[in-house]
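What follows is each chain in one-letter form.
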Amino acid sequence: MPSDAQIQKMLIAEARQASETAYAPYSSFPVGAAVLTPSREIIRGANIENASYGLSICAERVAIFTAVASGATRIEALAVCVASEVNSPAERMPCGACRQVMTEFMDPSAMVYVDGVGAFPLKDLLPNAFILK
Ligand code: THU
């Protein structure tokens, strides 16, 4: 059973590799993400933009949706990586829409690893989340 630190290292490495498949010709802001499923699979995602800008999708949501479409019902942990070295910590954090989507599939205590910034339980990233029961 890998430790939290090992999981963090593995997911960050996968997210960095995933950023290489980003399609970001409009923003030149490549992002990669990786999620860990309960069956210990790691699934990657990258941001995919569109000429109709609003149709673009973030790396985190691509990773989560790919995992769910592949049969995962929960996500145990997620890592995200902004490929460029020059970004500030705020530019490396997941956007609000992705935090809401994480809330759908991750426990409040599940960890979100942000490359170059740190490790956050999801509940710290989206307190008082909207949940329909
Ligand atoms: N982006 C992500 O992939 N994840 C985030 O959490 C924030 C933003 C992408 C969307 C867009 O392709 C580019 O970064 C610039 O906003």
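Just so you know, these numbers come straight off a predicted model, no measurement behind them. Along each chain, the written sequence defines residue order, and numbers are assigned to residues from 1. Note on the predicted model: pLDDT of at least 70 is required for a residue's local features to be given, and 80 or more for side-chain atom pairs to be given and counted; whole-chain, interface and lining totals, by contrast, use all residues. Calculated side-chain values reflect all of the structure's heavy atoms, with hydrogen atoms and water omitted.

Asker: I keep staring at the environment of R44 and nothing clicks. Help me out?
Answerer: Structurally, R44 can be placed in strand β2 (residues 42-46). Each residue's exposure class comes from its accessible area (1.4 Å probe, protein chains only) as a fraction of the maximum for that residue type: buried when under 20%, exposed when over 50%, partly exposed otherwise. Take R44: its relative accessible area is 36%, and that puts it in the partly exposed class. The spacing of R44 and Y23 is 21 residues in sequence and 14 Å in space, taken between C-alpha atoms. Apart from residues no more than four positions distant in its own chain, R44 is found in contact with E14, Q17, A18, A33, A34 and A63. Any pair of N or O atoms that falls within 3.5 Å is considered a polar contact. Within protein, one atom must be able to donate a hydrogen and the other to accept it, and sequence-neighbouring residues count only if both atoms are side-chain atoms. A polar contact is formed between the side chain of R44 and the side chain of E14, at a distance of 2.6 Å. A distance of 2.6 Å separates a polar atom in the side chain of R44 from a polar atom in the side chain of Q17. A run of H or I in DSSP becomes a helix once it reaches four residues, and a run of E becomes a strand once it reaches two; helices and strands are each numbered from the N terminus. Contacts are residue-level and defined by heavy atoms, with any inter-residue pair within 4.5 Å sufficient.

Asker: For this particular structure, what's the right way to read the packing of helix α2 (residues 59-69) against helix α4 (residues 96-105)?
Answerer: Between two packed helices, the angle of one axis relative to the other and the distance separating the axes together describe the packing. Here, axes are lines fitted to C-alpha atoms. For helices the fit covers the stretch in contact, and angles between N-to-C directions go from 0 to 180 degrees. Viewed as axis vectors pointing N to C, α2 and α4 meet at an angle of 25°, and their least axial separation amounts to 9 Å. When the axes of α2 and α4 are compared, the pair comes out roughly parallel. As α2 runs across α4, the sense of the crossing is left-handed. Counted together, E60, R61, I64, F65 and V68 of α2 and A97, C98, V101, M102 and F105 of α4 form the full contact between these two elements. Under the grouping applied here, Gly and all other residues not named as nonpolar or charged are polar, the nonpolar ones being Ala, Val, Leu, Ile, Met, Phe, Trp, Tyr, Cys and Pro and the charged ones Asp, Glu, Lys and Arg. Of the residues assigned to the contact of α2 with α4, the class counts are eight nonpolar, no polar and two charged. In these notes the angle categories are as follows: under 35 degrees is roughly parallel, over 145 is roughly antiparallel, 65 to 115 is roughly perpendicular, and the rest is oblique. In this scheme, a crossing is called left-handed if the near helix is turned counterclockwise away from the far one by less than a right angle; it is called right-handed if the turn is clockwise.

Asker: Any chance you could explain the side chain of N47 here in plain terms?
Answerer: Relative to the helices and strands, N47 resides in the loop between β2 and α2. In terms of polar contacts, N47 uses its side chain to reach the backbone amide nitrogen of V31, at 2.9 Å.

Asker: Looking at this structure, I do not really get the site of the ligand. What am I missing?
Answerer: The environment of the ligand is formed by S27, F29, V31, N47, E49, C58, A59, E60, M93, P94 and C95. One nitrogen or oxygen atom from the side chain of N47 is found 2.9 Å from an oxygen atom belonging to the ligand. Between the ligand and A59, the relevant distance is 2.9 Å, taken from an oxygen atom to a main-chain nitrogen or oxygen of the residue. Protein contacts shield 77% of the accessible area of the ligand, which totals 380 Å² for the unbound molecule. Each residue belonging to the shell around the ligand can be placed in one class, and the counts come to seven nonpolar, two polar and two charged. We call a residue near a molecule or strand whenever a single non-hydrogen atom of that residue lies within 4 Å of it. Only the protein chains shown count as cover for residues, with accessible areas throughout obtained via the Shrake-Rupley method and a probe of 1.4 Å.

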